[in-house]
Amino acid sequence: MPKKKELRIGLIGYGFMGRTHTNAYKRVNDFFPELKHRPVLKVVCARNEERLKAFAEQWGYESTETDWRKVIARDDIDAIDICTPNNMHAEIAIAAAKAGKMILCEKPLARTVAEAQPMVDAVEKAGVMNTVYYNYRRLPAVTLAKQLIDAGKLGKIFHYRANFLQDWTISPELPQGGEGLWRLDNDAAGSGVTGDLLAHCIDTAMWLNGGIKDVSAVTETFIKERVHTGSGKKQKVTIDDACIFHCHFSNGSLGVFESTRYARGHKALYTFEINGEHASIRWDLHDLNRLEYFDHRDASKERGWRSIHVTDGDHPYMDKWWVPGLSIGYEHSFVHQVADFIQCLEAGKPCSPTFMEAQETQKVCEAVLDSAKSRSWKDTGVVWK
Ligand code: SOE
């Protein structure tokens, strides 16, 4: 087999997402042997030196840096992977683009549309490969949903419904800010469930069903004050703990979205259901290999919801894994995203969602937050090709 070209990765941030991305870089060539590039774990960067060294050793990074600027300045790095809290995405991405590096950025692209726009401009100007990790698109059952919709199986779509429910912030004792808890701190995260969870639902929704035109939303912050890890004092909580919005899609269908971190019993219940004139589909992250499908054109006596176990060799991505019938998991969505990124790199094509596409999701998130604040409908300004 010809020797593979190296894709030398500089990972910035080593939290939960740093692990999911690193696992993907390590696995991708084992299961996608046709790729001509091989990710090389060159350097990982974070501020806590002791934990950084332990992470590098555990996951197999060749070196460490404590200043992200040094990672970008290194000429032995091809691609920067941004896994920091959201408030650092823009500065790092813009510097990386200026240095001519490829960029893989964890979602959401940034905290606001205004913060994200220079990121989009920077990668476009530099002409560097870029993508944002909206990983759920790459689960085989979700990709199959896309194939069914694109093949016209559902016909005209009337309804899109999505939820992303969690329960991990119900305790008032939980502080805001700091490692692991920056998602509760508006300065670091930019928003609460809207940017963290609904952004996933919006990305999938627009990928499956086209642009979202306008929105009407409500948000709630149930716990008004929490100790801030930085100051050690109780401070006002300014993130949205829960958000519900409804919307019009450009294709005329209606959408309903709900997300919360206060749904006791739910850890990461991401679900969607789409109803078309001929057929409906629904999906649930807790049973991620399954796509449920109802087709009204079936003979009436046999009509009913089919439960498709999306694990056969002709299902999306599944020829890469085990044998028909055997499940894959959450981590595989990241492996697929890296495989797709490398395929696009080799084909000289953009890798969706690009920064430009992720900015459209950002626009919806912002319109949702503005709508909740102003108690009025907001146009999103989304242009979805
Ligand atoms: C939050 O708990 C979180 O980890 C998100 O940040 C991820 O994007 C989501 O996929 C799972 O939940």
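These numbers were taken from a predicted model, which means no experiment stands behind them.

Rules behind the numbers
- Per-chain numbering applies: the sequence of each chain, read as written, is numbered from 1 onward.
- It should be noted that, the model being predicted, local features are given only for residues of pLDDT at least 70 and side-chain atom pairs only at 80 or more, the latter also being counted only at that level, while totals for whole chains, interfaces and linings use all residues.
- The numbering of helices and of strands both runs from the N terminus, where a helix is a DSSP run of H or I of at least 4 residues and a strand a run of E of at least 2.
- Expected helix span is taken as 1.5 Å per residue step, with the number of steps being one fewer than the number of residues.
- To get the bend at a residue, fit one axis to the 7 residues ending there and another to the 7 starting there, then take the angle between the axes.
- Counting other C-beta atoms within 10 Å of a residue's own tells you its class, since 20 or more makes it buried, 12 or fewer makes it exposed, and anything in between is partly exposed; those C-beta atoms are placed from the backbone.
- C-beta atoms are first placed from the backbone for all residues, and any pair lying within 7 Å is then listed as a contact.
- Residues of type Ala, Val, Leu, Ile, Met, Phe, Trp, Tyr and Cys that are buried and joined through C-beta atoms within 7 Å form what is called a nonpolar core.
- The start and end points of each domain follow an automatic or database-based domain assignment.
- Put simply, Ala, Val, Leu, Ile, Met, Phe, Trp, Tyr, Cys and Pro go in the nonpolar bin, Asp, Glu, Lys and Arg in the charged bin, and everything else, Gly too, in the polar bin.
- Note on pairing: DSSP must find at least two bridges between two strands before they are called paired.
- As a rule, any residue with its backbone-derived C-beta atom within 6 Å of a molecule or strand is reported as near that molecule or strand.
- Lines fitted to C-alpha atoms define the axes here, with helix axes fitted over just the stretch in contact, and angles between the N-to-C directions of these axes take values from 0 to 180 degrees.
- Roughly parallel means an angle under 35 degrees; roughly antiparallel means over 145; roughly perpendicular covers 65 to 115; every other angle is labelled oblique.

**Topic: helix α1 (residues 16-31)**
Taking 1.5 Å as the rise per residue, α1 with 16 residues should run 22 Å; its terminal C-alpha atoms sit 23 Å apart, in good agreement. For α1, the principal kink sits at tyrosine 25 and spans about 30°. For α1, the set of buried residues is Gly18, His21, Thr22, Ala24, Tyr25 and Val28. Those residues of α1 that are buried are in contact with β1 (5-12), β2 (37-45), α2 (49-59), β4 (79-82), β6 (130-133) and α9 (330-347).

**Points about the nonpolar core**
Grouped together as the largest cluster of nonpolar side chains are 105 residues, with contacts concentrated most on Ile80, Ala93, Ile103, Met119, Ala145, Leu198 and Val368. Residue contributions to this core peak at ten residues, all from helix α8 (residues 193-209). Two domains each provide a minimum of three residues to this core, namely domain 1 (5-136) and domain 2 (138-379). Ignoring any residue separated from it by four or fewer positions in sequence, one finds alanine 145 in contact with Leu208, Ile281, Trp283 and Leu291. The next biggest cluster of nonpolar side chains, apart from the first, holds five residues, and it includes Ala188, Ala189, Val237 and Ile239.

**What to know about the domain arrangement of the protein chain**
Domain parsing of the protein chain yields domain 1 (5-136) and domain 2 (138-379). For domain 1 versus domain 2, the distance between C-alpha centres works out to 23 Å. Contact residues are listed per partner, giving 38 residues for domain 1 and 40 residues for domain 2. Of all the secondary structure elements, the ones that give two or more residues to the side of domain 1 that touches domain 2 are α1, β2, α5 (113-126) and β6. Here the side of domain 1 that touches domain 2 takes eight residues from α1, the largest share from any one element. Among the residues making up the side of domain 1 that touches domain 2, the classes are represented as 23 nonpolar, eleven polar and four charged.

**With respect to the pairing of strand β14 (residues 279-284)**
The side chains of a regular strand alternate, residue by residue, between the two faces of the sheet. In β14, alternate side chains face the same way, and those of Ala279, Ile281 and Trp283 are buried while those of Ser280, Arg282 and Asp284 on the opposite face are not. Pairing analysis gives five bridges linking strand β13 (residues 269-276) to β14, with the strands arranged antiparallel. When the bridges of β14 are listed, asparagine 275 appears paired with serine 280. Linking β13 back to β14 in an antiparallel pair, the connection comprises two residues.

**A short note on the site of the ligand**
Taken together, Gln166, Asp196, His200 and Ala268 form the complete shell of residues around the ligand. In the shell around the ligand, the residues fall into one nonpolar, two polar and one charged.

**Comments concerning the packing of helix α6 (residues 140-150) against α8**
It is the contact of α6 with α8, at a shortest axis distance of 9 Å, that shows an interaxial angle of 30°. Considered as vectors, α6 and α8 are oriented roughly parallel to each other. Between α6 and α8, the contacting residues are Val142, Ala145, Lys146 and Ile149 on the first element and Thr204, Trp207 and Leu208 on the second. Residues of the contact of α6 with α8, tallied by class, amount to five nonpolar, one polar and one charged.

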